[in-house]
Amino acid sequence: MFNTMQIWAFRDLLRRPFESLLLGITLTLTVAILGTLLLFPRALHDTLNTLLKATPAIVLRRLDATGFCPLPVQASVLAAENVVGVVSVRPRIWGVVNGPDGPLTIVGILENKIPKALAGKLTRLPEPGQVIIGFGVSSGPSANTLNLKGEISRNYEVVDRLPEKTSMFTHDLVLMNPEDARQLIGLPQGYACDLAIDVFHENEQDAILSDLTASFSWPVECVTRLQSQGLYAGRLNRGRTLVAIAVIPGVLALCLLVAVNTRKSMGRQSDLGIMKAMGWTTGNIVRFQLYRELSVCLPSVFVGTCLSFVLVYGPGAGWAADFFLGWNTLPPSLYLEPTGAATVVLEMAGLMLVPMIASAFLPALKGATADVHDMIKETGSR
Amino acid sequence: MKREPCDQLDTSRYGLMVITLVSLIALAVMTILTIHTHRDSRQTTRMWITYLALHAPAVLPSGHVLRDSGYSGPAIDRRHSPYLPLMDFSMESIIVGSLKPEKGEMLLED
């Protein structure tokens, strides 16, 4: 199973078992921390990009001098549907209101029946006075009622909860009857907050914007899905900057490890001198050093990478989200994108293995041209 | 008495190989379970996004600063509220109704 050279390398490691063990543990932890720091924003970016593809192609809002304002449903839907390329137009009733522990997003469900896709996930639609709440919504002192304050203040009966695994989008949502939602945000009858528009082809999002804007008799603002993706990518980049700051100590720890390993290897010239005196060639010593380092580094990198995967993807990055982004109660379920994750693993492997192995080669290269007698005379750990 | 040779490791029980094999199998099972769970989670989330026509994720801070604990509790920071002035980023003002004066108060005028 193992050749003689590998057995020599193992035995050399076992001459200093605690030193080898400590090096292995340190490497594992460094890889795990660095891997987690690099994987977390990547996973978040991949997850959001994937999910944003399900969002409406265009969101259209009416503007006036004070900002966004309600738009009349019938006239707006008619105007949007007349634009070539528009496949569906859905008015939305939603807003931000005050809940027991802070702001919440309310959504009025306009459809009368549960769609087939959600038949197993949703048992009933909220009647007047009832709400379905997201996983992160705390209903206050009573578990069955939720007090909301907007234009009016009212208690609602909690009839269901949205699944935890949809928290990425539904964490703070409160679903309610459209009439309740109107009353709560002060929306007149026959008006909606905005329109969610779907187009036939992805590229049409930008192409039909001018036609869409021109079809309304009041100023409107359109946000396309591509713009949203760009917006969130920008916000994630700000988060990445914070992560990069946290990576610096990790890289510093790696540099220190390499420096210590190099110094330790260089201090073993007498050992290498004895090997050369016994007839080992420089090639043999290089292979010996390679096996010696790989037998510590490879398992460490493997275990460290697995740890970082489990920390980011396994239980949900609840702790990482709390630490880096301050999400207190959110357990986002991040999605594994093999391509992106593989890039990070290769980065990690390169970042750790190359300098560590290079540090082991230095004494072998130094000893290649050195006199055997001089090498043996050097102080070392025999 | 014949002595055991010192130039080879005792690999008779293949302990290292068994440990590696078991670890790899455990890792594979864990990966398959994780991928399965995530796929289900992704599909469910997409169904809800489509049904409710959501367009803003709940997890990203959308103000000019990252979320901090001063933002009152577990709820999410602002999404694009339909009733707010475009350039107003204060947390208090994003609650519907808070931009309007309380009953009996006068509007501030320049």
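Predicted model, so just to flag it, every value in this text is computed and none were measured. (Residues numbered from 1 in each chain as written. Chains lettered and ligands numbered in written order. Predicted model: local features only at pLDDT ≥ 70, side-chain atom pairs only at ≥ 80, totals over all residues.)

**Q** Tell me about the overall build of chain B, residues and numbers included.
**A** When you go through chain B residue by residue, the secondary structure sums to one helix and zero strands. Within chain B, buried positions represent 25% of all 110 residues. (Helix = DSSP H or I, 4+ residues; strand = E, 2+ residues; numbered from the N terminus. Buried ≥ 20, exposed ≤ 12 C-beta atoms within 10 Å, placed from the backbone.)

**Q** Talk me through the overall build of chain A; I want residue IDs and the actual numbers.
**A** Helices and strands together make up the secondary structure of chain A, namely 13 helices and twelve strands. Residues counted as buried form 40% of the 382 residues belonging to chain A. When contacts within chain A are restricted to residue pairs at least 6 apart in sequence, those whose partners lie at least 24 apart make up 81%. (Contact = placed C-beta atoms within 7 Å.)

**Q** I'd like a description of helix α12 (residues 338–368) of chain A, backed by residues and values.
**A** The end-to-end C-alpha separation of α12(A) is 43 Å, in line with the 45 Å expected for 31 residues at 1.5 Å each. Within the sequence span of α12(A), burial applies to Ala341(A), Val344(A), Met348(A), Met352(A), Met356(A), Ser359(A), Ala360(A), Pro363(A), Ala364(A) and Gly367(A). (Expected span 1.5 Å × (residues − 1).)

**Q** Just give me the short version of the nonpolar core, but keep the residues and values in it.
**A** A general trend in soluble globular proteins is that nonpolar side chains are found buried together. All names here are of chain A. The biggest cluster of nonpolar side chains holds 53 residues, and the ones touching the most others in it are Leu-60, Ala-80, Ile-106, Val-131, Val-174 and Ile-197. Broken down by element, the residue count for this core peaks at six residues, all from strand β4 (residues 86–99). Ranked by size, the runner-up nonpolar core spans 27 residues in total, among them Leu-52, Cys-306, Met-352 and Met-356. (Core = buried A, V, L, I, M, F, W, Y, C linked by C-beta atoms within 7 Å.)

**Q** Summarise the pairing of strand β7 (residues 145–149) of chain A; cite the residues concerned and give the values.
**A** Residue and element names in this part refer to chain A. What you see with β7 is a clean split: Leu-146 and Leu-148 sit on the buried side and Thr-145, Asn-147 and Lys-149 on the side with no burial. Alignment of β7 against strand β8 (residues 153–161), held across five bridges, turns out to be antiparallel. Across the sheet, the residue bridging to Leu-148 is Arg-154, located in β8. In textbook terms, the turn of a hairpin is the stretch between consecutive antiparallel strands, and for β7 and β8 this stretch comprises three residues. (Pairing = 2+ DSSP bridges.)

**Q** Quick rundown of the environment of Ile33(A)? Include the residues and the values.
**A** Residue and element names in this part refer to chain A. Mapped onto the secondary structure, Ile-33 falls in helix α2 (residues 17–52). A count of 19 C-beta atoms within 10 Å places Ile-33 in the partly exposed class. For the pair Ile-33 and Ser-308, spaced 275 residues apart in sequence, the C-alpha to C-alpha distance is 6.9 Å.

**Q** Please set out the environment of Phe135(A) residue by residue, giving values where relevant.
**A** Residue and element names in this part refer to chain A. Among the secondary structure elements, Phe-135 is positioned in the loop between β6 (130–133) and β7. According to the C-beta neighbour criterion, Phe-135 is buried, with 20 such atoms within 10 Å. With 27 residues separating them in the primary sequence, Phe-135 and Leu-162 have C-alpha atoms 6.0 Å apart. Not counting residues within four places of it along the chain, the set of residues in contact with Phe-135 comprises Arg-161, Leu-162, Glu-164, Ser-167 and His-171.

**Q** I'd love a proper account of the pairing of β4(A), names of residues and values included.
**A** All names here are of chain A. Among the 14 residues of β4, eleven are classified as buried, and the element is accordingly described as predominantly covered. Bridge analysis of β4 against strand β11 (residues 194–199) gives six bridges, and the strand direction is antiparallel. Directly across from Arg-90, in β11, lies its bridge partner Ala-196. By the bridge criterion, seven bridges tie β4 to strand β5 (residues 102–108) in an arrangement that is antiparallel.

**Q** Just give me the short version of the packing of α2(A) against helix α10 (residues 282–313) of chain A, but keep the residues and values in it.
**A** Residue and element names in this part refer to chain A. Contact geometry for α2 and α10: axes closest at 7 Å, N-to-C directions at 35°. Seen from above, α2 lies across α10 with right-handed handedness. Looking at the contact of α2 with α10, its residues break down into 16 nonpolar, nine polar and no charged. (Axes fitted to C-alpha atoms, helices over the stretch in contact; angles between N-to-C directions. Left-handed = near helix turned anticlockwise from the far one by under 90°. Nonpolar A, V, L, I, M, F, W, Y, C, P; charged D, E, K, R; others polar.)

**Q** I'd love a proper account of the packing of helix α1 (residues 4–14) of chain A against α10(A), names of residues and values included.
**A** Residues and elements named next belong to chain A. At a closest axis distance of 8 Å, the pairing of α1 and α10 adopts a crossing angle of 60°. Judged by the angle between their axes, α1 and α10 are oblique. Crossing of α1 against α10: the hand is right-handed. Between α1 and α10, the contacting residues are Met-5, Gln-6, Trp-8, Ala-9, Phe-10, Asp-12 and Leu-13 on the first element and Arg-287, Phe-288, Tyr-291, Arg-292, Ser-295 and Val-296 on the second. A per-class count over the contact of α1 with α10 returns eight nonpolar, two polar and three charged. (Parallel < 35°, antiparallel > 145°, perpendicular 65-115°, else oblique.)

**Q** Describe unusual backbone geometry, naming the residues involved and giving the relevant values.
**A** Residue and element names in this part refer to chain B. Backbone geometry places Ala-53, a non-glycine residue, at a positive phi of 55°. On the secondary structure map, Ala-53 appears in the segment after α1 (15–52). By the C-beta count within 10 Å, which is 22 here, Ala-53 ends up buried.

**Q** Please give an account of the confidence of the model for chain A that cites residues and values.
**A** Taken as a whole, chain A shows an average pLDDT of 80; of its residues, 89% reach a score of 70 or greater. Looking at the elements of chain A, mean pLDDT is at its lowest for helix α11 (residues 318–325) of chain A, recorded as 59, and at its highest for helix α3 (residues 73–81) of chain A, recorded as 92. (pLDDT = per-residue confidence, 0-100.)

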